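Structure assessment
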Amino acid sequence: MAIKFPIYLDYNSTTPVDPEVLEEMLPYFNEKFGNPSSKTHRFGWEASYAVEVGRDRIAKLINAQPKEIIFTSGSTESINLAIKGIADSYGKKGNHIITTPIEHNAVIDTCGCLENMGFKVDIVNVDEYGVIDMNHLNDLITDKTILVSILFANNEIGTIQPIKEISKLVHSKNDVFFHVDASQAAGKIPVDVQDMDIDIMSMTSHKIYGPKGVGGLFVKDKNPKIRISEQISGGGHESGMRSGTLNVPGIVGFGKACEVCMNVMEEENARLIKMREHLTKELTEGLELCYLNGHPVHRLPGNANLCFEAVEASHLFGTIDEIAFSSGSACSSSKMKASHVLKALGRTDDQAKSSIRFGIGRWNTEEEIDYTINRVKEVVNSIREKSPVWEMMSK
C-alpha cells in the first residue's frame, strides 16, 4: 500500500472528524439550523431533539444519565466549570484542593487561580511512571479538603491512573468530591462513571474524531446530587450550570463520535496497541539510550512517548517534515521549555527536551509505522554522529 504523506502521528493532540460524524452534522448547519431554546416552532424542536440525542449518546458511552451531561465548549471550559464551580459552591465547607504535578495546564492554571483567591492547593506525588502515590494522597486529605482532581490518562505520556481505587480512597473521607479529567480517556478506553464512582468528569469531542469547540461535563445527580456554580451567566441554560446558546452541530457530532467509539473501541484498541508496541520495540531496541516515558502497560493504546538521549526534539522536527508528531516539551514563546510532566517523573531538562510523543490513531497503517521507525532511526543516528554530547555519553 502506497503511503500518503505527510503521515499524521499526533492523534493525542487532535483527531480528524470521522466521515460518519461529519455526515450527521451537516444538516444542522443550514437545514435544521434552529435554536434549541426556541420552544414555539419546528426549527427549535428539531434542534432541541438533536441536542438530547447527542446527550443520550454521550451518557451511554460513560454509563451516566443524560441529565448528568452538561455541554461546554471543550475540556478547558469543563475543567474550569468543575473546579471553580465546586470551589464557589462548597468553599464555606473547606478551602483545600488536591491535584497532581502531571495535570494538563487547564487544571494547573485553574488551581493556581483559586490559590490567588485564598484556596490551598496540594500536589500528590507520582512515581517514575506517573502513577499517583496512594499513601501520599491519603495523608494529604484533611477535614478542609473539598476536591481531588486527577487526570484519567495523561496527554503526554499516556499513563492511565487507577481511577476506581483513587475514588474509593477519596470517598472514604467525608464530603470530598472527585473530579476526573477524562479528555484523553473517554471514547478511547472503557470509562464507567458509576462503577468508578466518579463525581464530576470533563470530556471533549475533538480527541475522539468529533468536531472541535464542543465538550461535556458529567455532574453526578444523586448520591450525592452535586451543586456547581455557573461560571458563565446569561440565560440559565444547561440546568443553570452553563449559560449560552448550544452548539447544535457540534453536539450532534460529539454524540455521533461517542457512538462510533463505543462500536469500534475493542477492535480499534487491539490494532493501535499492536502498532504502538511495534514502534516502541523497534526504536528502543534499535537505538542506544532510547526508552519509553510513562507506564509500560497501563497506558493509552495509541500513545508512545520516547526519549532519544542527546537528540533534542527540535532537531527532529526540523529534519523530519513528512511526519507529524509532537514533543514531550511545551513551547513557551520561542524557547523550548522542559515538560512539567516529564520533570515530575524525574527526567532531567535535557531528557525532557529529547522526548517525542507519537500519537497513533484510527487511520494510521502498519506501512506508516514502519516508515516512521526507519526514518527516525536514520535521523537520530545522523544527529548523534555530529554530536559532541553523544560522543561523550557513548564512550
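Before reading further, recall that the structure is shown in the block above.
In this report, the structure presented in the accompanying data block is examined. (Residues numbered from 1 in each chain as written. Predicted model: local features only at pLDDT ≥ 70, side-chain atom pairs only at ≥ 80, totals over all residues. Heavy atoms only, no water.)

**Quick notes on the side chain of Asp10**
By the secondary structure assignment, Asp10 is in the loop between β1 (7-8) and α1 (19-25). Take Asp10: its relative accessible area is 12%, and that puts it in the buried class. A polar atom in the side chain of Asp10 sits 3.0 Å from the side chain of Ser326. With residues near it in sequence (within four places) discarded, Asp10 still touches Ala324, Phe325, Ser326, Arg357 and Gly359. (Helix = DSSP H or I, 4+ residues; strand = E, 2+ residues; numbered from the N terminus. Buried < 20%, exposed > 50% of the residue type's maximum accessible area, 1.4 Å probe, protein only. Polar contact = N/O pair within 3.5 Å; in protein donor to acceptor, adjacent residues only side chain to side chain. Contact = heavy atoms within 4.5 Å.)

**Overview of the environment of Thr72**
With respect to the helices and strands, Thr72 occurs in strand β2 (residues 69-72). Here the alpha-carbon distance between Thr72 and Phe178, two residues 106 residues apart in the chain, equals 19 Å. If we skip the residues at most four places from it in the chain, Thr72 touches Glu77, Ser78, Leu81, Gly213, Val214, Gly215, Gly216 and Arg242. Polar contacts involving the side chain of Thr72 include one to the side chain of Ser78, which spans 2.7 Å.

**Thoughts on the pattern of salt bridges**
One pass over the full model with this rule turns up 25 salt bridges. Here Glu285 makes a salt bridge to Lys281, at a shortest N to O gap of 3.2 Å. On the criterion of helical spacing, the pair formed by Glu285 and Lys281 is a turn pair, its members being four residues apart in helix α8 (residues 248-286). With a relative accessible area of 59%, Glu285 lands in the exposed category. Several salt bridges share partner residues, and in doing so they unite Glu24, Arg57, Lys256 and Glu259 into one network. (Salt bridge = Lys/Arg side-chain N within 4 Å of Asp/Glu carboxyl O.)

**With respect to the sheet that holds β2**
Here we have seven strands laid out as an open sheet, ordered β2-β8-β7-β6-β5-β3-β4, and mixed in their pairing. Looking at the sheet topology across the chains shown, the edges are occupied by β2 and β4 (120-123). Between one strand and the next, the sheet's axes are offset by a mean angle of 20°, whatever the strand orientation. Note that strand β3 (residues 96-99) and strand β5 (residues 145-151) share three bridges and pair parallel. Note on β5: the bridge partner recorded for Ile97 is Leu147. Lying on the sheet, helix α3 (residues 42-62) is in contact with β2, β7 (200-204) and β8 (215-219); it crosses β2 at an angle near 115°. Most of the contacts of helix α4 (residues 75-90) go to β7, to which it runs at about 160°, and overall it touches β2, β3, β5, β6 (177-181), β7 and β8. (Pairing = 2+ DSSP bridges. Axes fitted to C-alpha atoms, helices over the stretch in contact; angles between N-to-C directions.)

**Quick look at the nonpolar core**
In terms of nonpolar packing, the biggest core is built from 62 residues, with Ile62, Ile69, Leu137, Phe152, Ile163 and Met201 touching the most fellow members. Sorting elements by how many residues they give to this core places α8 first, with eight residues. Those residues within four positions of Ile62 in sequence are excluded, and the remaining contacts are Ile69, Ala186, Val191, Asp192, Val193, Met201, Met203 and Phe218. Counting 26 residues, the second-largest nonpolar core is a separate cluster that includes Val311, Ile360, Val376 and Ile383. (Core = buried A, V, L, I, M, F, W, Y, C linked by side-chain atoms within 4.5 Å.)

**A short note on the packing of aromatic side chains**
A ring pair, where both rings are aromatic, is described by two values, the distance of the centres and the angle of the planes. Enumeration over the complete set of coordinates arrives at eight aromatic pairs. When the centroid spacing of 6.0 Å and the interplanar angle of 50° are considered together, the rings of Tyr11 and Tyr209 count as tilted. Of this pair, Tyr11 sits in the loop between β1 and α1 while Tyr209 sits in the loop between β7 and β8, placing them 198 residues apart in sequence. The burial state of Tyr11 is the same as that of Tyr209; both residues are buried. Considering the side-chain rings of Phe317 and Phe325, the 5.4 Å spacing of their centres and the 40° angle between planes classify their relative orientation as tilted. (Phe/Tyr/Trp six-rings, centres within 6.5 Å; stacked < 30°, edge-to-face > 60°.)

**With respect to unusual backbone geometry**
The step from Phe5 to Pro6 runs through a cis peptide bond, and the omega angle for that step is -5°. With respect to the secondary-structure elements, Pro6 resides in the segment before β1. Note the cis peptide between Asn223 and Pro224, where omega equals 0°. Mapped onto the elements of the fold, Pro224 is located in the loop between β8 and α8. The phi dihedral of Asp175 is positive, around 55°, even though this residue is not glycine. The topology assignment puts Asp175 in the loop between α7 (163-170) and β6. Its identity as a non-glycine residue notwithstanding, Leu289 has a phi of 45°, on the positive side. Within the secondary structure layout, Leu289 lies in the loop between α8 and β9 (290-293). Judged by its relative accessible area of 40%, Leu289 falls in the partly exposed class.

Functional significance is not addressed by these values, which are geometric in nature.
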